[in-house]
Amino acid sequence: MLKYTLHRLLTGLITVFFIATITFAAMHLVPGDPISGAKAMSPEIRANLERKYGLDQPVLHQYKVYLTNIVKGDFGISYTQQNRSVNDIIRDHFPVSATLGVLAILIAAFGGVIFGSLTALFRNKAPDHLIMFLVILGISVPSFVFAALGQYGVTELNRFTGKDILPVGGWGTLSHMLLPSLVLGLGTMAFLVRLMRSSILEVMNLDYVRTAKAKGLSPMRIFLGHKLRNAVLPVITVLGPAIAAITTGGFVVESVFAIPGLGRYFVQAVQQLDYTVIMGLTVFYGSFLVFMVIAVDIIYGLIDPRISVAKRSAV
Amino acid sequence: MSQTFSGDSGVAEAVKSSDLHPGTGAAFNADDFEPAVRINRFQGLSRPSLSYWSDAWMRPKKNRKATVSLAMVVFLALFTLVGPFLWRIDPSAQDMARISEGPTFAKTAVVIDEAASWTAPELSGIPAAPTASAENLLAPATLEADGVPSSQAVRLKWAPVTGASAYAVYRSETKPSGKVGTSELGVPIGEVDAGNKVGYEDTFNLERSEYFYSIVPKNGEEASKFTTLRVVLPSTIALSAAQALKSDIKVGETLHLSAHPFGTDYLGRDLLSRLMSGARVSLFIGFFAPLVMIFLGIVIGGAAGYTGGRTDNLLMAFADFVLALPFLLFMILFKIAFGVGAGESGIFPMLVAMVILSWPSSARLVRGQILQLRESEFVMASKLLGARPIYLLFRHLLPNTMGVILVSLTFAIPSAIFTEAFLSFIGMGVAPPTPSWGSMCNDGIQTFLTHPHEFLFPAIFISITVLSFNLLGDGLRDALDPRMRSTS
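What counts as what
Residues numbered from 1 in each chain as written. Chains lettered and ligands numbered in written order. Predicted model: local features only at pLDDT ≥ 70, side-chain atom pairs only at ≥ 80, totals over all residues. Heavy atoms only, no water. Buried < 20%, exposed > 50% of the residue type's maximum accessible area, 1.4 Å probe, protein only. Helix = DSSP H or I, 4+ residues; strand = E, 2+ residues; numbered from the N terminus. Pairing = 2+ DSSP bridges. Contact = heavy atoms within 4.5 Å. pLDDT = per-residue confidence, 0-100. 1 Å grid on protein atoms, 1.4 Å probe; cavity = no way out; pocket = protein on both sides within 12 Å on 5 of 7 lines; lining within 4 Å. Points joined across faces, edges and corners; volume = space filled by probe spheres on them. Nonpolar A, V, L, I, M, F, W, Y, C, P; charged D, E, K, R; others polar. Buried area = accessible area lost by both parts, 1.4 Å probe. Salt bridge = Lys/Arg side-chain N within 4 Å of Asp/Glu carboxyl O. Polar contact = N/O pair within 3.5 Å; in protein donor to acceptor, adjacent residues only side chain to side chain.

Describing the pairing of strand β4 (residues 166-172) of chain B
Residue and element names in this part refer to chain B.
Thought 1: Within β4, 7 of the 7 residues are buried, which leaves it mostly tucked inside the rest of the structure.
Thought 2: By the alternation rule, side chains of β4 split into Ala166, Ala168, Tyr170 and Ser172 and Tyr167, Val169 and Arg171, which are all buried.
Thought 3: Bridge analysis of β4 against strand β7 (residues 210-219) gives 7 bridges, and the strand direction is antiparallel. Pairing of Ser172 across the sheet is with Phe212, part of β7.
Thought 4: Here 5 bridges tie β4 to strand β5 (residues 187-192), and the two strands are oriented antiparallel to one another. Along β5, the bridge assignment pairs Tyr167 with Val192.

And the structure:
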């Protein structure tokens, strides 16, 4: 297990290194350069700016500086907001995105398990058909549509009651988080419901379930103690990709709901071509996602004793 | 050997025929040496044999959801390919007189003269700047339209409020409920800066058929009381604009305007024709990215699976590495790196980025299938009979992975459409003049609260397309891949 963990961490580090390199290469392939923006500037100012950002150095030297800075945890200074470092931006805005993401994951996981169990319990009956119909909708409708419709619904609700029941956008209190995290988690929830349903149907007729029945356990105890416990494991495996989906989904949801999270910042930086911010946030997001997936894999190995991840990795 | 050809029944028949001559001993007749008649009475096939593909074709036909979604896909293809020939409105033609209009079919407009200049009535005998605190101000006693309101100008007249030094004019598209105070009166479109000026002319973007105007008296601050007037605008068109459409038209005549079944967008462009040309972009990416991706996957996965050993390890390690890259993040990064010049749509860079990042999943799939099949009996038999590797690969291995490949292709299409919509929505997709469903959603969401159709129509099209491909994929999976048949 330790060997496996170390191996995964090492490959993770290599992946992060490549992410950093590709990001650097991609940003240097962009036609034009970061300072030649809309404003015309004198050669002196230009030279000064180039010195400030180290753009007067050869590319290989820039690459070396870039890598050493990343190892030190320094992502540089923003081009469009010249007194703000990328580290400041991450420190200020990542907690907002993380809160939103964790809430969305929780909603998705609990909703997925509960609704998935319901569909399996009421298999081929009305609740099953209804939930599976909603699931197909949840998978097929883009998150920005849910975001817009949710916002519209809240506006109408507030208008109808004449009170501010839920805020339409912004950030601060729990009521601000409710709608965005629900919208953000919806797609993942739909996916998890599907997974949960087939997973429960799979364990439905296994030997230990029959044994539990023969022992005379109540249906509820069989369901909670035997079926659900074994069926819920696959949900954990997809949490890694789910975290990735929710993180990138945050780009849209944060933009629509005007939430000051890192995702909205990333989208802004991309639209304004703020090179250091794009590079810094890509490396940050990339390493975050890579290590999240690794963490989920390791946790999965710890939880389910039947699966030896170490053996699986040898194949 | 003969048993395999004639079968059990044939043998049984042969034994019986010798029993017919028990006493003849060594005497053989010539017909004893006739070959036994082969009677395949029990062997006969009661119905035509069902091949893999004809079985696959029958299954979705039984599956109602899959049939409906197949019909939807056909409809979408027709909409995209044939639609522009039937609905010949230029998707980039702007009609500034009809901005953000809801769906219209047979709209007519009365031609009116150009609006003459108008000045707000000024009352004498009332001080222009009196003093009264804002909370004591009353609402204007009357509020009416001066003359016939038209889509060029709405002229308002109201009774003066004693103590007011100014009036704020609000315009709303919905009726204020009166519950929330002045916060829901809509847009503050203007202000009259004297207490004795009691008129206002609104000429700003009058595009809807109904407005609610509210007058709030002011003195320093706004009062909490106001008067609201509902103004219905008849559909009118200015003479100069009408003459551009039909040269011999005169004031007072009725003009038939072109229909916009899905309305117009914020630049007055026909939404239906934009949806059609947007479909071309969205579906083009949705089809071609998966196709190229699957092709690459077959080549790389096939090579890795068939050769095995070091090549396999190397290729799969590379695939794993690409899979570990965060997909959307790198889509955005590649999009920036490719750079889109002026006048380019940016479709090609998006395709390339999508293929570069998504081939590993299909390569892994193909490799896994080929690894499995390589060890199966029929492949070994074929090898034993001297089949060459190329023949093996194209005759046995790849055709048998086709089902799985087709299923993953169907599921790759909606996810490619989703990716395109997502990127275009955050402004990182197709460059502006070219419409795509995602970028139309991005344009539409800005005015979602006032003109929902601009957002809803492209959103509905994205959803329906993704939905049909998902259902079709489910149906195909049931049909083509016996192991993955869903448990319902």
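Read on for the rest.
A word on the environment of Arg194 of chain A
Thought 1: Mapped onto the elements of the fold, Arg194 of chain A is located in helix α7 (residues 174-203).
Thought 2: For the pair Arg194 of chain A and Gly112 of chain A, spaced 82 residues apart in the sequence, the C-alpha separation amounts to 8.0 Å.
Thought 3: Other than its neighbours up to four places away in sequence, Arg194 of chain A contacts Met132, Val135, Ile136 and Ile139 of chain A together with Asp474 of chain B.

Points about the confidence of the model for chain B
All names here are of chain B.
Thought 1: Summarising the model, chain B shows a mean pLDDT of 76, and 76% of its residues fall at 70 or more.
Thought 2: Here helix α1 (residues 2-19) is the element of chain B with the lowest mean pLDDT, 43, and helix α10 (residues 377-384) is the one with the highest, 88.
Thought 3: Across residues 1-18 the pLDDT falls below 50, and counting only partners more than four positions away or on other chains, this stretch makes 15 contacts in the model.
Thought 4: Scoring the predicted complex yields pTM 0.74 and, for the interface, ipTM 0.81.

So, empty space enclosed by the protein
Residues and elements named next belong to chain B.
Thought 1: All told, the structure shown has 2 cavities of 30 Å³ or more when counted by the stated rule.
Thought 2: Approximately 50 Å³ is the volume found for the largest cavity.
Thought 3: Along its surface, the largest cavity is lined by Asp265, Tyr266, Leu271, Arg274, Met440, Asp443, Gly444 and Glu454.
Thought 4: Of all the elements in the fold, those that place two or more residues in the lining of the largest cavity are α6 (271-307) and α12 (437-445).
Thought 5: Looking at the lining of the largest cavity, the element that brings in the most residues is α12, giving 3 residues.
Thought 6: In the lining of the largest cavity, the residues fall into 3 nonpolar, 1 polar and 4 charged.

Notes on the interface of chain A and chain B
Thought 1: At the junction of the two partners, chain A supplies 45 residues and chain B supplies 41 residues.
Thought 2: Of the roughly 3,500 Å² buried at the junction of chain A and chain B (both faces included), carbon and sulfur atoms supply 78%.
Thought 3: When the buried surface of chain A facing chain B is broken down by residue, Ser140, Phe144 and Arg159 of chain A rank first, second and third, together holding 16% of it.
Thought 4: For the pair chain A and chain B, the interface holds 1 salt bridge.
Thought 5: Linking chain A with chain B are 2 residue pairs in polar contact (both at pLDDT 80 or more).
Thought 6: Its residues assigned to classes, the side of chain A that touches chain B comprises 30 nonpolar, 11 polar and 4 charged.

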